[in-house]
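Here is what each chain is made of, one letter per residue.
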Amino acid sequence: MKGRHISHLDTPSLLLDKRVMKQNLQNIVQFAEANHVAYRPHIKTHKSIDIAKMQLESGAVGITVATVGEAEVMVSGGVENILIAFPIFTAEKLERIYQLLDRAEIILTIDSEEQVDVVNEFFRQKDERVYVWLKVNSGLNRCGVEVEDVKALVERMTDKNYVELTGIYTHAGHSYAASSTEALEEIAEKEAEVVLASAHICESLGVQVAHKSIGSTPTFKIAGQVDGITEIRPGNAIFYDMVQVGLGVATIEDCAVTVASRVASIKRNRIVIDAGSKTLSLDKGAHGNESIAGHGYIKEYPELIISRLSEEHGVIDCNPEDYPQLAIGDVLTIVPNHACTVVNLFDQYVVHEDGSIIEAWDVSARGRLK
Ligand SMILES: Cc1ncc(COP(=O)(O)O)c(C=O)c1O
């Protein structure tokens, strides 16, 4: 495969343009350095040990994951500092985390008083202290406590001997529904404000939290500039996708991941490709984003819309007579709407530079939902 051109690949394939990804990574790292904030990428976007290592080698202080399974895979790849950005509460999962602690610093998310008791009791039985970060809600209304509830939760923690609160974080995912730059700025400023207000409450209770962390791809360059914020956690910004292009935070040229697909059938009023919902996903953008038309952007024919997907078929409703040059077997490269969900559907990235294949990387943590 090495040295071949991507146009000769079997399809559908997940393509990763290494140069574009490296440029995206460098942009994040430069932003972090210029604003004196740490970079803790969310790896649910790429789920790749190879890419996590590149992020760490470029200066990331650790990574963020969403599941214990992702943490296990990343620790097996040598990652030594991980925030699990989900409130874990079952003994089974806490035991799996405990098994990782001799190889990595694992930070747990705290989201409720009940969970504080469960986590503290688990680690009391192990006679080991665990680092925890408090998740606060900045408007996404998912997990995360309100600022007015921070005091009670911190008091519950200071009462305990086996949980050590060292950070506050939030994720302004509702930024994906922002309809203007002003709306985005307002959401990002609130994101930082909620973290700083919560940290202030901790300090008034005598708890110094070293880490004040924000992060979503649409907001990190705004919230990350606010005085007092110490860390950014962008995930998608390593790849970008059509949702980010729709939001105006990236261009098509910034999108590092594409799907290579082939024309499989040409009928009177449609062209059918070999990429359906099991390849492109039906995801048109999370949290109320409405910027998307169709199921991905065809780089060679931007005006063509992939209007329908079934599992293995993508249907472009059009008049094929307008495209006499298109034939069965032709390769189309598609920028996905949401790169994170598309990556999770593939086993491997075909890594290329300017269309020439250089290597294959595993999507190491794909499907690790537990
Ligand atoms: C807690 C947390 N941090 C960071 C991120 C990264 O967000 P994005 O992919 O928008 O950069 C996410 C995304 O879901 C998240 O849930």
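Residues numbered from 1 in each chain as written. Predicted model: local features only at pLDDT ≥ 70, side-chain atom pairs only at ≥ 80, totals over all residues. Heavy atoms only, no water.

Caption draft 1: Quick peek at helix H1 (residues 18–34). In this model, H1 (17 residues) spans 24 Å end to end at C-alpha, consistent with the 24 Å of a helix rising 1.5 Å per residue. Every buried residue of H1 is listed here: Lys18, Val20, Met21, Asn24, Leu25, Ile28, Val29, Phe31 and Ala32. (Helix = DSSP H or I, 4+ residues; strand = E, 2+ residues; numbered from the N terminus. Expected span 1.5 Å × (residues − 1). Buried < 20%, exposed > 50% of the residue type's maximum accessible area, 1.4 Å probe, protein only.)

Caption draft 2: Focus on the pattern of salt bridges. Applying the stated criterion across every chain, the model contains 19 salt bridges. In this structure, Arg96 engages Glu72 in a salt bridge whose closest nitrogen and oxygen atoms are separated by 2.8 Å. Taken together, the residues span a long stretch of sequence, with Arg96 in helix H4 (residues 91–98) and Glu72 in helix H3 (residues 68–76) at a distance of 24 residues. Where Glu311 meets Lys278, a salt bridge forms, and the shortest distance between an N and an O atom there is 2.4 Å. Here Glu311 is found in the loop between strand S13 (306–309) and strand S14 (314–317), whereas its partner Lys278 is found in helix H10 (residues 277–280), with 33 residues between them in sequence. By relative accessible area, Lys278 is classed as partly exposed at 47%. Residues joined in a network through salt bridges with shared partners are Glu113, Asp117, Arg156 and Lys160. (Salt bridge = Lys/Arg side-chain N within 4 Å of Asp/Glu carboxyl O.)

Caption draft 3: Seen up close, the environment of Tyr162. Its place among the elements puts Tyr162 in the loop between helix H6 (150–158) and strand S7 (163–169). A residue is classified by how much of its surface remains accessible, and Tyr162, at 18% relative accessible area, is buried. When the C-alpha atoms of Tyr162 and His352 are compared, they prove to be 47 Å apart, with 190 residues separating the residues in sequence. With near-sequence residues (within four places) excluded, Tyr162 lies in contact with Asn120, Phe123, Arg124, Asp127, Glu128, Arg129 and Val130. (Contact = heavy atoms within 4.5 Å.)

Caption draft 4: Highlighting the side chain of Thr279. Residue position: Thr279 is located in helix H10. Setting aside anything within four residues of it in sequence, one finds Thr279 in contact with Pro12, Val259, Asp274, Val342, Leu345 and Phe346.

Caption draft 5: Region of interest: unusual backbone geometry. Across the junction of Thr11 and Pro12, the peptide omega takes the value -5°, indicating a cis bond. Although it is not a glycine, Tyr240 adopts a positive phi angle of roughly 60°. Turning to its location among the elements, Tyr240 is positioned in the loop between strand S9 (231–232) and helix H9 (242–247). Backbone geometry places Asp354, a non-glycine residue, at a positive phi of 50°. Within the fold, Asp354 resides in the loop between strand S16 (348–353) and strand S17 (356–362).

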